[in-house]
Amino acid sequence: MIYRDLQSKLVEFSTKFPVITVTGPRQSGKSTLLRATFPEYKYVSLETPDDRLFAESDPKGFLATYPDKTIIDEAQRVPALFSYLQTHIDLTGKEGMYMLAGSHNFLLMQSIGQSLAGRTAILKLLPFSHREMSKGNILQEPVEKEIFFGGYPRIYDKDISPSFYYSSYIQTYLERDIRLLKNIGNLNNFVRFIKLCAARIGQLLNLSSLANECSIAVSTANEWLSVLEASYICYRLSPDFNNFNKRLVKTPKLYFYDTGLACSLLNISAYEQLDTHFLRGGLFENLVINEFVKQAYNDGLQPDITFWRDSTGNEIDLIQYQGGARRAYEIKSSRTFSKDFFKGLTRWSNLSVSTKDDNFVIYTGDKEYKTSSGTVVPWRDIDGVTETIGS
């Protein structure tokens, strides 16, 4: 098993909360991580019809059968169980009683908010990070291969072709998960919507355009996008609102939690195609931004990242905040260093009164450069810059 960076937080919080909740995309490794971290715990999955029926029809009997030290997988499948869990853990008053896992963030958080607020630590596990794959000796090179393979554990564990894995993943997602989250009548139209979202990676989100291309209402497009976010398919990166005397763009950008899945939706069937693909730059940008998201979640934090763009088109791909500290990053898919990399960062520094120590460029080349305008970091070494500021 590849070591997961979230494991240390799991162990720490198991001594402080009666319940630990781990959410994240389906097949990101939640159950594997929990069972490996807590081997002495019983395991029950509410995906299994018999166990789900037991929990639904006799929740008191279910908790009598599993009174302590139990991993409950896909816990959101039985929302009524959470009220009984609340009463049980309040009466028992112990830490580390239950580990809950679920792949539907909206359904799981809804149940937790109603019954377990203040009683559970909430952690998120995404597919393998660059750091985890590097430490586990499964990092794909060149960078196009890392983008194409993505980070889902089963691809590496079972040596599955990414093209086959992700097409099956999408089909399973549509047939099982979507019906739990939203009653979508025309699945073909929904697939088209997901593919159109993938074609907009790294771009300002235009819901009207998406709706028009799918022949749906803007309100429907917004609902469908919320479904994709709730099931960890994609996410919106918010714009920065520090205006620094400039009028700013207020529209978010769209990214996918896994670039391998995005490649499949874009009908990319081999990593070599990325060399000339129109979205090569956007997919590399997505890969890098995902590392900041994963690092924050693995530290038990919410990502505090934005992008900055003013009305004249000046833009910074990523701004990272932590406390009073702030760093700016430009993300370039070029393999060759150019002094032009720092044009936007230099303008940003002048407006925000930051220094070159706060400015970074991440590119696909091999060498690191310390320049008078900031630091140029190769993609292989992004671990060193994605760490939480001050950690």
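Bear in mind the structure is a predicted one, so any value in this text is a computation, not a measurement.

Colleague: In this structure, what is going on with the overall build of the chain? I would like to understand it.
Modeller: Tallying secondary structure elements over the chain gives 17 helices and 13 strands in all. The globule rule puts the C-alpha radius of gyration for 391 residues at 21 Å, and the 22 Å found for the chain is close to it. Its C-alpha atoms give the chain principal-axis dimensions of roughly 65 × 45 × 45 Å. Within the span of the chain, comprising 391 residues, buried residues form 55% of the whole. Contacts in the chain between residues far apart in sequence, at least 24 positions, make up 67% of those at least 6 positions apart. If you sum the accessible surface of the chain, you get close to 16800 Å²; carbon and sulfur atoms cover 47% of it.

Colleague: For this particular structure, what's the right way to read the sheet that holds strand E8 (residues 305–309)?
Modeller: What links the strands of a sheet is backbone hydrogen bonding, and the strands pair in either a parallel or an antiparallel sense. Read from one edge of the open sheet, 6 strands run E8-E9-E10-E11-E13-E12, paired in mixed fashion. Sheet topology places E8 and strand E12 (369–370) at the edges, where each strand pairs with a single neighbour. Pairing between strand E10 (residues 325–332) and strand E11 (residues 359–363): 5 bridges, direction parallel. Looking at E11, one finds that Ala328 is bridged to Asn359. Across the sheet, helix H15 (residues 280–298) touches E8, strand E9 (315–322), E10 and E11, and the angle it forms with E10 is around 155 degrees. Running at roughly 160 degrees to E10, helix H16 (residues 343–352) makes contact with E8, E9, E10 and E11 of the sheet.

Colleague: What should I look at first to understand the packing of aromatic side chains in this one?
Modeller: Two numbers describe a pair of aromatic rings. These are the distance of the centres and the angle of the planes. All chains considered together, the criterion is met by 24 aromatic pairs. Taking the centre distance of 5.1 Å and the plane angle of 45 degrees together, the rings of Phe38 and Tyr41 count as tilted. We classify Phe38 as buried; its relative accessible area is 6%. We classify Tyr41 as buried; its relative accessible area is 9%. When the ring of Tyr152 is compared with that of Tyr169, the centres are 4.9 Å apart and the planes differ by 55 degrees; the resulting orientation is tilted. In this pair, Tyr152 is assigned in the loop between helix H8 (143–149) and helix H9 (153–157) and Tyr169 in helix H10 (residues 162–181), connecting sequence segments 17 residues apart.

Colleague: Sorry, what's going on with the environment of Arg335 here?
Modeller: Turning to its location among the elements, Arg335 is positioned in the loop between E10 and H16. As for Arg335 and Asp366, which are separated by 31 residues in sequence, their C-alpha atoms are 7.6 Å apart. Discounting chain neighbours no more than four positions away, the residues touching Arg335 are Glu144, Asp275, Arg280, Tyr363, Thr364 and Gly365. Polar contacts involving the side chain of Arg335 include one to the side chain of Asp275, which spans 3.1 Å.

Colleague: Honestly, the side chain of Glu330 in this entry has me stumped. Any pointers?
Modeller: With respect to the secondary-structure elements, Glu330 resides in strand E10. Look at Glu330 and you get buried, because its relative accessible area is 6%. In this view, Glu330 contacts Glu315, Ile316, Asp317, Phe341, Leu345, Phe360, Val361 and Ile362; residues no more than four positions away in its chain are not counted.

Colleague: What's the story with the sheet that holds strand E2 (residues 42–45) in this structure? I'm lost.
Modeller: Spatially, 5 strands are ordered E2-E3-E4-E1-E5 in an open sheet, and the strand pairing comes out parallel. Strands with a single pairing partner mark the edges of an open sheet, and in this sheet they are E2 and strand E5 (120–124). Looking at each pair of strands side by side, their axes are set apart by 20 degrees on average, direction ignored. As paired elements, strand E1 (residues 19–23) and E5 share 5 bridges and run parallel to each other. Each residue of the ladder has a partner; that of Ile20, found in E5, is Ala121. Here helix H5 (residues 81–92) sits on the sheet in contact with E1 and strand E4 (98–102), set at roughly 160 degrees to E4.

Colleague: How should H5 be read in this particular structure?
Modeller: For an α-helix the count is 3.6 residues per turn, leaving residues at separations of three or four pointing the same way. The end-to-end C-alpha distance of H5 is 16 Å, a good match for the 16 Å that 12 residues give at a rise of 1.5 Å each. Gly93 lies just past H5 and shows a positive phi near 70 degrees.

Colleague: Whenever I open this one, the pairing of strand E3 (residues 70–73) confuses me. Can you help?
Modeller: Two faces belong to every sheet, and in a regular strand the side chains alternate between them. Alternating positions in E3 separate into two faces, Thr70 and Ile72 on one and Ile71 and Asp73 on the other, with burial throughout. Sheet analysis places E3 next to E4, joined by 4 bridges and oriented parallel. Pairing of Thr70 across the sheet is with Tyr98, part of E4.

Colleague: Just to check I follow, could you spell out the packing of helix H11 (residues 187–198) against helix H12 (residues 207–214) for this structure?
Modeller: The packing of two helices is summarised by the inter-axis angle and the distance between the axes. At a minimum axis separation of 10 Å, H11 and H12 run at an interaxial angle of 140 degrees. In terms of axis orientation, H11 runs oblique to H12. Seen along the crossing, H11 lies across H12 with a hand that is right-handed. Across from Asn189, Arg192, Phe193, Leu196 and Cys197 in H11, the residues of H12 making contact are Leu210, Glu213 and Cys214.

Colleague: Whenever I open this one, the environment of Lys16 confuses me. Can you help?
Modeller: Along the chain, Lys16 turns up in the loop between helix H1 (7–13) and E1. A residue is classified by how much of its surface remains accessible, and Lys16, at 49% relative accessible area, is partly exposed. For the pair formed by Lys16 and Ser373, sequence separation is 357 residues and the distance between their alpha carbons is 44 Å. Within the structure, the side chain of Lys16 is placed 3.1 Å from the side chain of Glu12, a separation counted as a polar contact.

The rules behind the values
- Residues numbered from 1 in each chain as written.
- Predicted model: local features only at pLDDT ≥ 70, side-chain atom pairs only at ≥ 80, totals over all residues.
- Heavy atoms only, no water.
- Helix = DSSP H or I, 4+ residues; strand = E, 2+ residues; numbered from the N terminus.
- Rg over C-alpha atoms; globule rule 2.2 N^0.38 Å.
- Buried < 20%, exposed > 50% of the residue type's maximum accessible area, 1.4 Å probe, protein only.
- Contact = heavy atoms within 4.5 Å.
- Areas by Shrake-Rupley, 256 points an atom, 1.4 Å probe, with all protein chains shown as cover.
- Pairing = 2+ DSSP bridges.
- Axes fitted to C-alpha atoms, helices over the stretch in contact; angles between N-to-C directions.
- Phe/Tyr/Trp six-rings, centres within 6.5 Å; stacked < 30°, edge-to-face > 60°.
- Polar contact = N/O pair within 3.5 Å; in protein donor to acceptor, adjacent residues only side chain to side chain.
- Expected span 1.5 Å × (residues − 1).
- Parallel < 35°, antiparallel > 145°, perpendicular 65-115°, else oblique.
- Left-handed = near helix turned anticlockwise from the far one by under 90°.

Any functional reading would require information beyond the geometric quantities listed.
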